[in-house]
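Observations on the three-dimensional arrangement
Here's the letter readout for the chains.
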Amino acid sequence: MTSDTPADRRGDRERGLLARLRRGRSTPRSRGRRRVGAAFRLFAALLLAGGAYTVFAPGLNAEDTPQLTSAAEDGRALFDVSCVTCHGRNAQGVDGRGPSLIGVGAASVEFQVSTGRMPMARQEAQAPRKPPVFTDEEIRQLGQYIQELGGGPQVPDGDLAAGGDVANGGHLFRVNCSSCHAFSGGGGALSSGKYAPSLNDSTDRQIYAAMLTGPQNMPVFGDNQLTPEQKADIIAYVQESLKTDGDPGGFFNLGRYGPVTEGVAVFLVGMVALIFASLWIAGKS
Ligand code: HEC
Ligand code: HEC
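Residues numbered from 1 in each chain as written. Chains lettered and ligands numbered in written order. Predicted model: local features only at pLDDT ≥ 70, side-chain atom pairs only at ≥ 80, totals over all residues.

This paragraph deals with the nonpolar core. If you look at the biggest cluster of nonpolar residues, it comprises 37 residues, and the most contacted ones within it are Leu142, Ile146, Tyr208, Ala209, Ile235 and Val238. Within the residue set of this core, elements represented by two or more residues are α2 (70-82), α4 (105-114), α5 (136-150), α8 (204-213) and α9 (228-243). Each of domain 1 (66-154) and domain 2 (156-267) gives at least three residues to this core. Apart from the residues lying within four places of it in its own chain, the contact partners of Leu142 are Gly75, Leu78, Phe79, Val109, Val113 and Phe134. (Core = buried A, V, L, I, M, F, W, Y, C linked by C-beta atoms within 7 Å. Buried ≥ 20, exposed ≤ 12 C-beta atoms within 10 Å, placed from the backbone. Helix = DSSP H or I, 4+ residues; strand = E, 2+ residues; numbered from the N terminus. Domains from an automatic or database assignment. Contact = placed C-beta atoms within 7 Å.)

Looking at the secondary structure, you find Phe79 in helix α2. Separated by eleven residues in sequence, Phe79 and Asn90 place their C-alpha atoms 9.1 Å apart. Excluding its chain neighbours within four sequence positions, the residues that come into contact with Phe79 are Val84, Leu142 and Tyr145.

So, about the site of ligand 2. Taken together, 28 residues are adjacent to ligand 2, and Cys177, Cys180, Ala210, Pro215 and Met218 come closest. Breaking the shell around ligand 2 down by element, the ones donating at least two residues are α7 (178-181) and α8. At four residues, α8 tops the list of elements feeding residues into the shell around ligand 2. A class-by-class count of the residues in the shell around ligand 2 yields 15 nonpolar, nine polar and four charged. (Near = placed C-beta within 6 Å. Nonpolar A, V, L, I, M, F, W, Y, C, P; charged D, E, K, R; others polar.)

Here we take up the site of ligand 1. Around ligand 1 sit 23 residues, and of these Cys83, Cys86, Gly98, Met118 and Pro119 come closest. Contributing elements (two or more residues each) for the shell around ligand 1: α3 (84-87) and α4. When residues in the shell around ligand 1 are grouped by element, the largest group, four residues, is from α4. Taken together, the residues that form the shell around ligand 1 break down as 13 nonpolar, nine polar and one charged. When we break the shell around ligand 1 down by domain, the ones giving at least three residues each are domain 1 (66-154) and domain 2 (156-267).

This part is about α9. In this model α9 runs 21 Å from its N-terminal to its C-terminal C-alpha over 16 residues, within 8% of the 22 Å that 1.5 Å per residue would give. Remark: the principal bend of α9, roughly 25 degrees, maps to Tyr237. Among the residues of α9, Gln230, Lys231, Ala232, Asp233, Ile234, Ile235, Ala236, Tyr237, Val238, Gln239 and Leu242 are the ones counted as buried. Where α9 is buried, its residues touch α6 (166-176) and α8. (Expected span 1.5 Å × (residues − 1). Bend = angle between axes of the 7 residues up to and from the residue.)

So, in structure tokens, the structure goes:
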């Protein structure tokens, strides 16, 4: 069968026409579709960017703080309840109430809160040591919050007195600490109602943190002034020699200056007794 009937030829022509028409129309239509597609993609991208912005922007505006770890978030919750009245929102300080804590570091928080000095009960010349209000875990969280806000010194983990040389520690203590804390570590008065406290209750970490942060009138003993090894020596000396009641001088500790003071005391008392005895004998005869 041939396709040479008029109907078939018409059909061929129509198909050819349709195909041409389709071909002719198909180019502009797909360009239009591409344009619509591009516009849609642009719109979607804008929407995504806007969405991302609205997700992150309110957080940034309201808090004005960088992203915190969960420990620091917990610390901030504690801070906002117990510390914010004196140290202000974001720990920036409140005039006449409490200093800024930006940059004081976790070491300072650990020292202040673990010795019970903070939260301060009322305004006074110097916050006294008292039983701590927070648990170790909470203190770590508070410290983490302040650390992530502004950085600063941190007390290293591990045994801080490890390898400490007690004899060298004693030497370093007499040179660096005894002017305020006394040779015995018993503490002493400073000017204007302030005082250097006794070291009797201080833990290793508290001694380390005190040296690192220099609370109140105490100087900062950074790692340039006293290396971590020298700090270990001092801690070993305070814990093993000052606290264990091994008074080098016997029953009366006489300021724990050691056998020399004992000797001087015995010498003076003995001499006075001998002089009185000889005077008494001379008066009798
Ligand atoms: C009643 C007010 C008050 C409250 C509450 C308070 N503080 Fe303080 N804080 C002070 C004052 C005043 C000082 C400075 C005087 C001082 O060092 O003894 C200070 C000092 C500090 C320091 C030492 C800063 C430095 O320069 O090293 C730290 C750390 C600190 N506070 C943390 C806290 C934390 C954490 C809390 C909450 C658990 C808290 N404080 C609650 C008033 C307060
Ligand atoms: C210029 C005087 C001064 C010198 C020197 C000094 N301190 Fe202090 N120290 C202080 C004062 C003041 C405080 C009390 C700070 C406060 O209450 O906020 C203190 C507190 C401490 C505490 C906390 C005691 C507690 O309550 O548990 C320790 C530990 C300590 N000092 C260790 C040392 C060591 C170790 C040295 C030597 C490396 C030293 N100090 C040198 C003045 C001094």
